Amino acid sequence: MNILYITSEAAPFCKTGGLADVLGSLPPAVAAEGDHTAVLLPLYGQIAQRWREKMNFRCYIYVDLGWRHEYCGLFSLEYRGVTWYFADNERYFRRRGLYGDMDDGERFAFFSKAAVALLPHLAEYPNVVHCNDWQTALVPVYLRDAGNDLPVVFTIHNVEYQGKYGPETVEDLFGLNRGWYDGGILRMDGCVNLMKGAMLTANAVTTVSPTYAAQLHDPAYACGLEQVVHLIDYKLSGVLNGLDIESYDPAHDGSLPRTFDPDHMEGKAVCKAELQRQLGLAQEPDTPLVAVISRLVGHKGMDLVCQGLEGLMATGCQLVVLGQGESQFEDAFRWAQNRWPGRVSAQITYSDNLSRRIYGAADLFLMPSRSEPCGLSQMIAMRYGSVPIARETGGLRDTVLSYNKFTDEGNGFTFFNYNAHDMLHTVRRAVHYYQNNREVWYRLIVRGMTGDYSWYSSAGKYMALYEDVTRPATSFTLTEETPENPKTAPASQAEVGDVKEAAKEAPKAEEKPKAKRGRKKAEP
């Protein structure tokens, strides 16, 4: 099978967050199973020269987007058994950052349109295309607009970012017939919603953890798309992300002052001492070191951490925070560093090297997210011998099991209610075991370090999904609110915002059995 991933970022070429980690590690895991795997992403100015020197120029085309007629070059290289394609247009992709410009909608509409136009120019025409998040959400729409029924899998990595634009953009900016909006496929709450369009036109929709897939039916998590989720539930599933276990390996990580493994933990003590020295923390080997590595934003639970700073310090812990984000949280952690010198270190930056050193040094890893589609940080922390304290949501619930003193099960500590009181109670519980029961503590470390966080299990689930959507009988389903010919759709078509009745009539024949998500609850 020929599989093409289309993404706005992928490690090690360009990265702003977890999307790049996923698209940098999933394709090699799939390729290892013997299938031809390729990835298409923009040729950003941020891609290092060492990668550019390995690229081969393949061809160039011109892409029509509305009234625009834009050049697009195609480059490629081979890396880790995967063919990596790069779409070149310096006007759109030679910017100071990957995202954040006023014309992001135009930039990624061009990339999506170019992706469709470049398909015949690839070394192997794909049997299935796998798109990711709003930046590539127009790919299935452009395919269907061109009458191409190439199977598409669309993954929602974070439903908060949906690609919303004004109705006037349908024709002028995206170059589509107004029927795609008037027919309801792209229309949501009076504006264009690119993610909704992909959800309706893709053959299968996935999220990055089973729990997150279930939570998207809840208005508290779906960010306005819960009715669309109900409508496409028959083709929705959750597949847990994995780690690049070759990159994140404390036994061979050159970023660490000393490597270590479950049988030789001396190196972790060295990592802790060196980090304390480097960040100006008190040199106290027996003081529990709590780490936060995150974007400093509300949905990551930073409001709980800030509210609980006094309580955290009352436990006797040290705290190190690494990340950037909203100014209110950045300022709060800077204030905490001045308030508790030698006990709090606020590193308001992003550094992959420093993050790895913190993972290797920390005793506890705090992740109190309000919502967390999957989360990779808790898996990295456990792999590096840091015991997680996490809120039971999304992928955190699927990967962190709270320690049960009666059954001796668990690999971390969790809480459910979103408040600082419950978070602090869980921190105190974890610190208690750290200080008073090192035998249990060591077992938690070993369970975390030896857990299976690889892509191989999840890659197998994706392969099964690709095989399913490429069967001849499988095609994307038109609902009552989705006109058979969007170009001639009447303006009076109902908007999906009122899809409850249509959801009842959505076909169920292809519904897959959902994985059981049962879990043993830990005793308090």
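Figured I'd write up the structure that's included with this text. Worth saying up front: this structure is predicted, and the values here are computed from it rather than measured.

### Digging into the overall build of the chain
Here's step 1: If you tally the helices and strands in the chain, you get 22 helices and 18 strands.
Here's step 2: Taking 2.2 N^0.38 as the reference for a compact globule, 524 residues should give roughly 24 Å; the C-alpha atoms of the chain span a radius of gyration of 24 Å, in line with that estimate.
Here's step 3: Reported as C-alpha extents along the three principal axes, the dimensions of the chain are approximately 70 × 55 × 45 Å.
Here's step 4: Looking at the chain as a whole, 60% of its 524 residues are labelled buried.
Here's step 5: Once local pairs closer than 6 in sequence are excluded, the contacts in the chain between residues at least 24 apart make up 71%.

### A word on the environment of C223
Here's step 1: With respect to the helices, strands and loops of the structure, C223 is situated in the loop between helix 10 (219-222) and helix 11 (226-231).
Here's step 2: Residue classification places C223 among the partly exposed residues on the basis of a relative accessible area of 33%.
Here's step 3: Sequence spacing of C223 and E160 is 63 residues, and the spatial spacing of their C-alpha atoms is 6.0 Å.
Here's step 4: Other than its neighbours up to four places away in sequence, C223 contacts V159, E160 and Q162.

### Some words on the pattern of salt bridges
Here's step 1: The tally for this structure, following the rule as stated, stands at 22 salt bridges.
Here's step 2: Via salt bridges that share partners, R95, D101, D103, D104 and R107 belong to a single interconnected network.

### With respect to a nonpolar patch on the surface
Here's step 1: Taken together, F57, Y60 and Y62 make up a surface patch of nonpolar side chains, about 360 Å² in accessible area.
Here's step 2: Here Y60 lies in strand 3 (residues 56-65).

### Notes on unusual backbone geometry
Here's step 1: A cis geometry characterises the amide bond from A11 onward to P12, with omega recorded as 5°.
Here's step 2: Within the element layout of this structure, P12 appears in the loop between strand 1 (2-6) and helix 1 (18-31).
Here's step 3: Unlike most non-glycine residues, C223 shows phi in positive territory, near 55°.
Here's step 4: Even without being a glycine, D408 presents a positive backbone phi close to 60°.
Here's step 5: Classification of D408 as partly exposed rests on a relative accessible area of 23%.

### Examining the packing of helix 5 (residues 138-145) against helix 8 (residues 194-201)
Here's step 1: Put simply, helix 5 and helix 8 touch, their axes get as near as 7 Å, and they point 55° apart. By the angle between their axes, helix 5 is oblique relative to helix 8. The handedness of the crossing between helix 5 and helix 8 comes out as left-handed. Mapping the contact onto sequence places L138, P140, V141 and R144 in helix 5 and L194, G197, A198 and T201 in helix 8.
Here's step 2: The residue inventory of the contact of helix 5 with helix 8, partitioned by class, reads five nonpolar, two polar and one charged.

### Remarks on the sheet that holds strand 10 (residues 191-193)
Here's step 1: The three strands are arranged 8-10-9 in an open sheet whose pairing can be described as antiparallel. Of all strands in the sheet, those bounded by a partner on one side alone are strand 8 (164-165) and strand 9 (187-188).
Here's step 2: Of the strand pairs in this sheet, strand 9 and strand 10 are connected by two bridges, and their pairing is antiparallel. Among the inter-strand pairings, M188 is bridged to a residue of strand 10, identified as C191.
Here's step 3: Running over the sheet, helix 8 touches strand 8, strand 9 and strand 10 and is turned about 50° from strand 10.

### Looking at empty space enclosed by the protein
With a probe scaled to a water molecule rolled over the atoms, the places where space remains empty come into view.
Here's step 1: Tallying each qualifying case throughout the model produces four cavities of 30 Å³ or more.
Here's step 2: For the largest cavity, the calculated volume is near 50 Å³.
Here's step 3: Around the largest cavity sit N2, I3, L4, H36, A38, Y85, L122, E124, Y125 and P126, which together line it.
Here's step 4: Elements represented by at least two residues in the lining of the largest cavity include exactly strand 1 and strand 2 (36-42).
Here's step 5: Of the residues belonging to the lining of the largest cavity, the class tally is seven nonpolar, two polar and one charged.

### Considering the sheet that holds strand 14 (residues 318-322)
Here's step 1: Here we have six strands laid out as an open sheet, ordered 15-14-13-16-17-18, and parallel in their pairing. Of all the strands in the sheet, just strand 15 (344-347) and strand 18 (413-415) have a single pairing partner and so form its edges. Put simply, the sheet's adjacent strands are angled 15° from each other on average, direction ignored.
Here's step 2: Sheet topology places strand 17 (residues 387-391) next to strand 18; three bridges connect them, and they run parallel. Following the sheet pairing, R391 is matched in strand 18 by F415.

Thresholds, definitions, all that
Residues numbered from 1 in each chain as written. Predicted model: local features only at pLDDT ≥ 70, side-chain atom pairs only at ≥ 80, totals over all residues. Heavy atoms only, no water. Helix = DSSP H or I, 4+ residues; strand = E, 2+ residues; numbered from the N terminus. Rg over C-alpha atoms; globule rule 2.2 N^0.38 Å. Buried < 20%, exposed > 50% of the residue type's maximum accessible area, 1.4 Å probe, protein only. Contact = heavy atoms within 4.5 Å. Salt bridge = Lys/Arg side-chain N within 4 Å of Asp/Glu carboxyl O. Patch = residues over 30% accessible without salt bridge, like charges linked within 9 Å, V, L, I, M, F, W, Y side chains within 5 Å. Areas by Shrake-Rupley, 256 points an atom, 1.4 Å probe, with all protein chains shown as cover. Axes fitted to C-alpha atoms, helices over the stretch in contact; angles between N-to-C directions. Parallel < 35°, antiparallel > 145°, perpendicular 65-115°, else oblique. Left-handed = near helix turned anticlockwise from the far one by under 90°. Nonpolar A, V, L, I, M, F, W, Y, C, P; charged D, E, K, R; others polar. Pairing = 2+ DSSP bridges. 1 Å grid on protein atoms, 1.4 Å probe; cavity = no way out; pocket = protein on both sides within 12 Å on 5 of 7 lines; lining within 4 Å. Points joined across faces, edges and corners; volume = space filled by probe spheres on them.

These figures capture arrangement, not role.
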